[in-house]
Amino acid sequence: MEEIKETQKLVANDRCDVCGAQAYIRVELEGGDLLFCNHHGNANKSKLEPLVINWYDQSEELTKR
Ligand SMILES: [Zn+2]
């Protein structure tokens, strides 16, 4: 049985670690999680890619409503 952990879901209160805008992307790294807005997620993607365990892009989920 697989459940999506509540902690993996971004909410409106989650903030980009770089600029403080609403976070749409959660990046799971060995050392912990990072949150990014769309802009900084994409800006850091290639840099972080070798270290990423999971990349959750929730921009679609959060913008449609
Ligand atoms: Zn940002």
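Before reading on, note that the structure itself is shown above.
Residues numbered from 1 in each chain as written. Predicted model: local features only at pLDDT ≥ 70, side-chain atom pairs only at ≥ 80, totals over all residues. Heavy atoms only, no water.

## Side note on the overall build of the chain
Selection criterion: The way it works is that DSSP assigns letters per residue, a run of H or I at least four long becomes a helix, a run of E at least two long becomes a strand, and they are numbered from the N terminus. The buried label goes to any residue with under 20% of its type's maximum accessible area, the exposed label to any with over 50%, and the partly exposed label to all in between, with areas taken from a 1.4 Å probe on protein chains only. Computed by Shrake-Rupley with a 1.4 Å probe, the accessible areas treat only the displayed protein chains as cover when residues are assessed.
The number of helices and strands found in the chain is two helices and three strands. Sequence-ordered secondary structure for the chain, helices as α and strands as β, is β-β-α-β-α. The 65 residues of the chain split such that 31% are buried. Split by element, the accessible area of the chain, about 4900 Å² in all, is 48% carbon and sulfur.

## Re the coordination of the zinc ion
Which entries qualify depends on this criterion: Coordination here is defined by N, O and S atoms within 2.8 Å of the metal (3.2 Å for Na, K and Ca), and since water is not considered, a site can look incomplete.
At 2.0 to 2.4 Å from the zinc ion lie its protein donor atoms, namely Cys16 (SG), Cys19 (SG), Cys37 (SG) and His40 (ND1). Summarised as a motif, the one-chain spacing of the donors to the zinc ion is C-x2-C-x17-C-x2-H. Judged by its relative accessible area of 5%, Cys16 is buried. The class of Cys19 is partly exposed, set by a relative accessible area of 43%.

## Topic: the nonpolar core
Cut-off, in case you're wondering: Definition used in this section: a nonpolar core is a set of buried Ala, Val, Leu, Ile, Met, Phe, Trp, Tyr and Cys residues joined via side-chain atoms within 4.5 Å.
By size, the foremost hydrophobic cluster in this structure holds eight residues: Cys16, Tyr24, Ile25, Val27, Leu29, Phe36, Cys37 and Leu48. Ranked by the residues each element gives to this core, the list is headed by strand S1 (residues 25–29), at three residues.

Read these as spatial facts, not as claims about activity.
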